[in-house]
Amino acid sequence: MTATATSPAPGTAGDTTRPSAVVTGIGVAAPNGLGTEAWWQATLRGESGIGPVTDYDASRYPSRLVGSITGFDAAEHIPGRLLPQTDRVTRLALVAGAEALADAGADPAELAGQDGYGDYSLGVVTSNATGGFGFTHREIRKLWTEGPQKVSVYESFAWFYAVNTGQLSIRHKLRGPSGVLVSEQAGGLDAIGQSRRTLRQGVKLSLTGGMDSSLDPWGLTSHIASGRLSRGTDPATAYLPFDARAAGHVPGEGGAILVLEDATAARARGARVYGEIAGYAATFSPRPGSGRPPGLERAARLALADSGLTPESVDVVFADAAGTPAADEEEATALRSLFGPYGVPVTAPKTLTGRLYGGGAPLDVAGALLALRDGVVPPTAGIGRPVAGHRLDLVRDTPREGPLRTALVLARGHGGFNAAVVVRAAGAS
Amino acid sequence: MAVITLHDLAGVLTECAGADEDVVLTSESLDVTFTDLGYDSLALLETAATVQQRYGVTLSDDEVSEITTPREFLDLVNQSAVQAA
Amino acid sequence: MNRSVAITGIGVIAPGGVGKKAFWDLLVSGRTATRTISFFDPSRFRSQVAAEVDFDPQRYGLSPREARRLDRAAQFAVVSARECLADSGLEFVKLDPHRTGVSIGSAVGGTTSLEREYLVLSDSGKLWEVDSDYVSPHLFDAFVPSSLAAEVAWTVGAEGPATVVSTGCTSGLDSVGYARDLIAEGTVDVMIAGGADTPISPIAVACFDAIKATTPRNDDPEHASRPFDRTRNGFVLAEGAAMFVLEELEHARARGAHIYGLIGGYATRCNAYHMTGLRPDGTEMADAIRHSLDQARLAPDRVDYVNAHGSGTKQNDRHETAAFKETLGDHAYRVPVSSIKSMVGHSLGAIGSIEIAACALAMENSAVPPTANLHEPDPECDLDYVPNEAREHRVDNVLSVGSGFGGFQSAMVITREETAR
């Protein structure tokens, strides 16, 4: 590596140093808990957020279970002026973003004025796969039943994929390098990876993570079109990854927003550190039938190499847990190849929330950080008949306690996206 | 007779641009700019569109873009309604 | 690592011409590709003008099966990706799949297909609980825009990082910037990067109508997009795509590739101000420009051409004019500045890439495209906007900028290989 002649500025590719990126704040909106601690305790207790659709009559749909966030009153959390212009997904992102910043004890407007920061030293990078879908459903319906004049001015931005990043940027005055990445359910890790990249380029604090919500009738129908939804009607058994009865997943809403900071800057302001994003990598799997191997294992190996760690140092894996037999087999094969049969505790707390699209993997990263903090692996729910051939050490039904230093989070997105993040406990390196 | 009152306008504004407990529209706000009341150009466009549909008036883009205060808004709508009658 | 990144292949699908040659011919002719919307009856809408692409999927190499399966945006992405790969010569070279990635910009992804399918499943909006019984198996791919990146990755055989960058109207610039970073840091050697968007659908037209962002100049569609002109009154919605082969410089040199130019600098900022509004002083765009120039180690007076965002809204034209003056100083008055949106409209997440293609072709052809329909300059926009006629002009260093909903402000500097450090 060579040093650059000029000092690196935010957004430049010229910074060759690799300061570590640490998580100092967590905000969560999940079907089984709104708020980080509420969600984490519910997860450890094994409380599920999966249930039947209640907002409308879903009896005509072949899949009727969802992981929805009940009892969320946006007006309690968000200024009234923001309500007419935001879809539910953006309200959830704003709530989680505010929680994460409060948790980090970080006031962006104040930080921007401090030495070592600056106007463009704070940013936001999120993932979102389905936009402000309920909002656009209502507006498009108005267009076709009442005419163009009835379409809201806010439709012009409330539904596009960049809306959460844009609104978080405005709300918290984050003016630095920012972005939006979509890689279906792997995109949340790509956002965290990109957020870390901006820190390496000079940003000091970056909000990151992902949020999705698209469980209105048209959204649910679009999920159904994937052919990967469970048709189960019992919330306890509808989504059973790595189980012999696996037959698809339940779609959910929510996600997590994290505060990622340059470790030196976080230390300087005395921030509490949950852990480090020590490694990240993404790959793409070849077209099925190509004869080439899928890319999940390679993503994990690259992320481990990026962190300077080996598979032996991984204490727990948060699995992608797609919930279809072929995809589960593919992931189990990758895990055996990386760690050996039964080589590492594997868990999928998303069995309590359903799959959250852009929000799912960031929620797993939040879970990994809290697992490291508390020395406890949250359980996978409902797996009564694990597929024997997988030879996985699945943490089932009850939490497993023990010291944890390193977690690997895996995510896959439909089409072939793979991503992996290595999370390391504070002070572990 | 006015087709739209300050009370009506306040209701449409809240519907189109959301409530803000620190800002209550009263007769004293008639000449305060919408910007100072915390309403941006989108809020005004949304409000103008709703008012036009609900009160059966037609306002041109230029007229809407020149509105700066609640009084101007009310005057414009009520004059348009008279002309249309 | 901080490796140099070269553009070695270009593929373009733009209104008025499919393929980079047709595209450049249109730009230097000063003709416009804006017209009355033909995709649906626009008579109910305030703005009835758009820049549409005449695109026959089978003529451009898609099989009937691909044409059925792929959303129009995905068709544009795949066809332009094939063109850029062929243009780079890499189609005949064994790419290392693991060292090849994909970064696709799109603001609205499969929205046109989503709306079409919605009308079927909802009985033209009558059903709130839409009918899932007859749902198309392809609906999910339109629902989630990352399918664009997946299709391109499959097309080119990439197995490195793949993603969609969806930062609204700066997606086309930001997807290329993201790809530049992945190559510069050493994660990959080759990226297929660029934007694709096909937003000309009733809901998109309606939502831009609502905020009066698009022009109502319906009686004169050919002259509807008038950036920097006193009489401008909004942008013209468009569709299109542009894809590039980006390659680590030594990788490109080793195979003797034709190098259009290097991505010398790229930066993005947020205005944290308003989802659609812009501060008149252009301060965040100015910062993005400054940092792009710094990365390229280019003094402002060495910029030979500025490709403006030039959407044709009053607030944009003044915003970026202020940013150019702040960053380029007196040179802002001397350097040619033009907006190709005057000819090909504003294709949201694609246009940033289409504009990069225009910049690369300007370097290639020693000419700058004009700003069409500029007859009465706005007194507040007092730069040299290259009105109406293309100009012969040697171009070694280009600045291209973009600005979008959500507050995103991005800038990129492209330099000629010989002038690179």
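Quantities reported herein were computed from a predicted structural model and do not represent experimental measurements.

Student: With reference to specific residues and values, describe the overall build of chain C.
Tutor: Scanning chain C from terminus to terminus reveals 14 helices and 16 strands. Scaling as 2.2 N^0.38, a compact globule of 421 residues should have a C-alpha radius of gyration of about 22 Å, and chain C matches this with 20 Å. If you line up chain C on its principal axes, its C-alpha atoms span 60 × 55 × 40 Å. Restricting the contact set of chain C to residue pairs at least 6 apart, pairs at least 24 apart contribute 80%.

Student: Got a sec to walk through the pairing of strand E5 (residues 122–127) of chain A? Specific residues and values, please.
Tutor: All names here are of chain A. In terms of burial, E5 is a largely internal element, 6 of the 6 residues being buried. Burial of E5 is two-sided: the residues Leu 122, Val 124 and Thr 126 facing one way and the residues Gly 123, Val 125 and Ser 127 facing the other way are all buried. In this sheet, strand E7 (residues 205–212) lies alongside E5 in parallel orientation, the contact comprising 6 bridges. Note on E7: the bridge partner recorded for Thr 126 is Gly 209.

Student: Describe the nonpolar core, naming the residues involved and giving the relevant values.
Tutor: One finds A:Val409 and C:Ala77 to be the most contacted residues of the largest nonpolar core, which totals 311 residues. Per-element accounting of this core gives the leading share, 10 residues, to helix H14 (residues 351–365) of chain C. Of the domains in this structure, domain 1 (21–268) and domain 2 (280–425) of chain A are the two that each give at least three residues to this core. Residues contacting C:Ala77, with those up to four places away along its chain left out, are C:Ile104, C:Leu148, C:Glu151, C:Val152, C:Ala196, C:Ala241 and C:Met243.

Student: Describe unusual backbone geometry, naming the residues involved and giving the relevant values.
Tutor: Glycine aside, residues mostly have negative phi angles, and peptide bonds mostly take the trans form. Residues and elements named next belong to chain C. Of note in the backbone geometry, Arg 297 takes a positive phi value of approximately 50° without being a glycine. Along the chain, Arg 297 falls in the loop between helix H10 (283–296) and strand E11 (305–307). Look at Arg 297 and you get partly exposed, because 16 C-beta atoms sit within 10 Å. Phi is positive for Leu 348, close to 50°, though the residue is something other than glycine. Along the chain, the position of Leu 348 falls in the loop between helix H13 (341–344) and H14.

Analysis parameters
Residues numbered from 1 in each chain as written. Chains lettered and ligands numbered in written order. Predicted model: local features only at pLDDT ≥ 70, side-chain atom pairs only at ≥ 80, totals over all residues. Helix = DSSP H or I, 4+ residues; strand = E, 2+ residues; numbered from the N terminus. Rg over C-alpha atoms; globule rule 2.2 N^0.38 Å. Contact = placed C-beta atoms within 7 Å. Buried ≥ 20, exposed ≤ 12 C-beta atoms within 10 Å, placed from the backbone. Pairing = 2+ DSSP bridges. Core = buried A, V, L, I, M, F, W, Y, C linked by C-beta atoms within 7 Å. Domains from an automatic or database assignment.

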